[in-house]
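Structural overview for review
The chain contents come next:
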Amino acid sequence: MAGRAKLRAARELGREAEEFLRLYHGEEPTAGDLDSRLTAVRAEIGDTGTYHHTSAELAFGARVAWRNSNRCIGRLYWRSLQVRDLRHVTEAEEIAEECATHLRIATNGGRIRPLISVFAPDTPERRGPRIWNEQLIRYAGYRAADGTVTGDPRTADVTALATRLGWPGGPHTAFDVLPLVVEGVGDKPRLFELPSDAVLHVPLDHPERPWSSQWGLRWHAVPAVSDMCLEIGGVCYGAAPFNGWYMGTEIGARNLADVDRYDLLPRVADSLGIDTGSVRSLWKDRALVELNRAVLHSFDRAGVTLADHHTEAERFLQHLDRERRKGREVQADWAWIVPPMSGATTPVFHRTYEDRVLRPGFVRHPREAADGASYA
Ligand code: ARG
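Residues numbered from 1 in each chain as written. Predicted model: local features only at pLDDT ≥ 70, side-chain atom pairs only at ≥ 80, totals over all residues. Heavy atoms only, no water.

For the ligand, the full set of nearby residues is Gln-135, Arg-138, Pro-223, Gly-244, Trp-245, Tyr-246, Glu-250 and Asn-255. In the model, an oxygen atom of the ligand is placed 2.6 Å from a nitrogen or oxygen of the Arg-138 side chain. Side-chain polar atom of Glu-250 to a nitrogen atom of the ligand: 2.7 Å apart, as the coordinates give it. Within the complex, the protein chains bury 72% of what would otherwise be the 350 Å² of accessible surface of the ligand. (Near = heavy atom within 4 Å. Polar contact = N/O pair within 3.5 Å; in protein donor to acceptor, adjacent residues only side chain to side chain. Areas by Shrake-Rupley, 256 points an atom, 1.4 Å probe, with all protein chains shown as cover.)

Encoded structure:
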């Protein structure tokens, strides 16, 4: 960076750091003296162009980033997020190992624990590590020459990328776990298979009509988003995978139902003997309900934490209440908060929300996809 740009970046960082530290000290009585902390951080930025968060600042920042996730309905429990401070980890292989450890801790035998693992941040000198997969666990999507996809069409590009990087592929089922594609500091992206004991799958069955034997349906227990940057006080943690637990509709009304995902509604309707000849039979709606019953039933049977959209919507209203009592107005994106089925049967439908973007937060850096393409 040229001298003047460096100065501007440092000044901007100073402002964002101050805003964050004021928030932290304002909310946490145990935070200590604000003024001396501000002085120290300003000096550090002056010397090095960046600054280090204390572990307490990091944990607070990560929790508030969840609290500020306008698209997340599950924010009532934002304070319970467990934070793994792995800022000393920069190298791809170690990141991959820690991701597997993350999944084991988060899975917890089925009692899912909300967890974030924070790896080395970006600095003015160098970009920090990145995980190219959108989630730690995703099912591959193998695109055939005729354009059809075996598995999850959503991951077709990252599957092709992994293949170009040397992944031999899995057994070509519809539910092969993708390897992690990890870019360590100053390194090219590298592939790592997740050890099978780090990945819990839930076999899916309908409570009255056993499908699993014929269809082999399953979904993974832990949704761990891994391609967003955790931004705290102007510092970007580009590799910071985090998870909560699933809400059933994410799987049953989107992943398995969307036409450009697993597209299962026609098959479910057929198996239920519903006439798919006319949309006015509401075959899609009826299949959707049965598919979602299957998801809830199967996770319950497997003893794996899974929210349902009715309960989670109630909890979100509790969250709004609780936050308002703290003097904070919850920001939310209506189109994401309202569940993808039976929207108006849940209370989150019948109101509006402010949708301002606050920091700390989880953000996407669009520029990076282009950087990444040069390896592909
Ligand atoms: N919707 C995404 C999926 O189906 C997961 C996003 C995060 N979800 C969560 N419950 N924390 O895989």
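Residues Leu-180 and Val-182 line one face of strand β6 (residues 180–183) and the alternating positions Val-181 and Glu-183 line the opposite face, and both faces are buried. One ladder, built from two bridges, connects strand β3 (residues 130–131) with β6; its direction is antiparallel. Within β6, the position partnered with Arg-130 by the bridge is Glu-183. Relative to strand β7 (residues 189–192), β6 runs antiparallel, the two being bridged by four bridges. Note on β7: the bridge partner recorded for Val-181 is Leu-191. Here β6 folds back onto β7 in antiparallel fashion, the turn holding five residues, of which Gly-186 has a positive phi close to 65 degrees. (Buried < 20%, exposed > 50% of the residue type's maximum accessible area, 1.4 Å probe, protein only. Helix = DSSP H or I, 4+ residues; strand = E, 2+ residues; numbered from the N terminus. Pairing = 2+ DSSP bridges.)

This part is about the side chain of Gln-135. Along the chain, Gln-135 turns up in the loop between β3 and β4 (141–143). The exposure class assigned to Gln-135 is buried, which follows from its relative accessible area of 11%. When neighbours within four sequence positions are excluded, Gln-135 is seen to be in contact with His-220, Val-222, Pro-223, Ala-224, Val-225, Ser-226 and Tyr-246. (Contact = heavy atoms within 4.5 Å.)

Pro-360 follows Arg-359 through a cis peptide bond whose omega is -5 degrees. Residue His-172 is not a glycine yet carries a positive backbone phi of 65 degrees. Its location among the elements puts His-172 in the loop between α5 (156–164) and β6. Exposure remark for His-172: the relative accessible area of 46% places this residue in the partly exposed category. Even without glycine at this site, Leu-282 takes up a positive phi of about 55 degrees.

Right, let's talk about the packing of helix α1 (residues 3–27) against helix α3 (residues 55–67) for a bit. Two elements in contact, α1 and α3, have axes whose closest approach is 11 Å; the angle formed by their N-to-C orientations is 95 degrees. It follows that α1 is roughly perpendicular to α3 by the angle criterion. Contacts between α1 and α3 involve Phe-20, Leu-21, Leu-23, Tyr-24 and Glu-27 from the first element and Ala-56, Glu-57, Phe-60, Gly-61, Val-64 and Arg-67 from the second. Of the residues assigned to the contact of α1 with α3, the class counts are seven nonpolar, one polar and three charged. (Axes fitted to C-alpha atoms, helices over the stretch in contact; angles between N-to-C directions. Parallel < 35°, antiparallel > 145°, perpendicular 65-115°, else oblique. Nonpolar A, V, L, I, M, F, W, Y, C, P; charged D, E, K, R; others polar.)

Turning our eyes to something else, we now look at the side chain of Thr-249. Along the chain, Thr-249 falls in helix α7 (residues 248–255). Thr-249 gets classed as buried once you look at its relative accessible area, which sits at 2%. The residues touching Thr-249, leaving out its near neighbours within four places in the chain, are Arg-254, Asn-292, His-309, Pro-340 and Met-341.

Below, the discussion takes up the sheet that holds β3. Sheet strands pair via backbone hydrogen bonds, and the direction of the pair is either parallel or antiparallel. Here we have three strands laid out as an open sheet, ordered β3-β6-β7, and antiparallel in their pairing. Each of the sheet's edge strands pairs with one partner strand only, and the pair in question is β3 and β7. Together, β3, β6 and β7 form the strand contacts of helix α4 (residues 92–107), whose direction differs from that of β6 by roughly 135 degrees.

For the rest of this paragraph, the subject is α7. Helical periodicity: at 3.6 residues per turn, an α-helix aligns residues three or four positions apart in one direction. Counting buried residues in α7 gives six out of eight residues, a clear majority hidden from the surface. Within the span of α7, buried status applies to Gly-248, Thr-249, Ile-251, Gly-252, Ala-253 and Asn-255.

The values reported here are purely geometric and, on their own, carry no functional implication.
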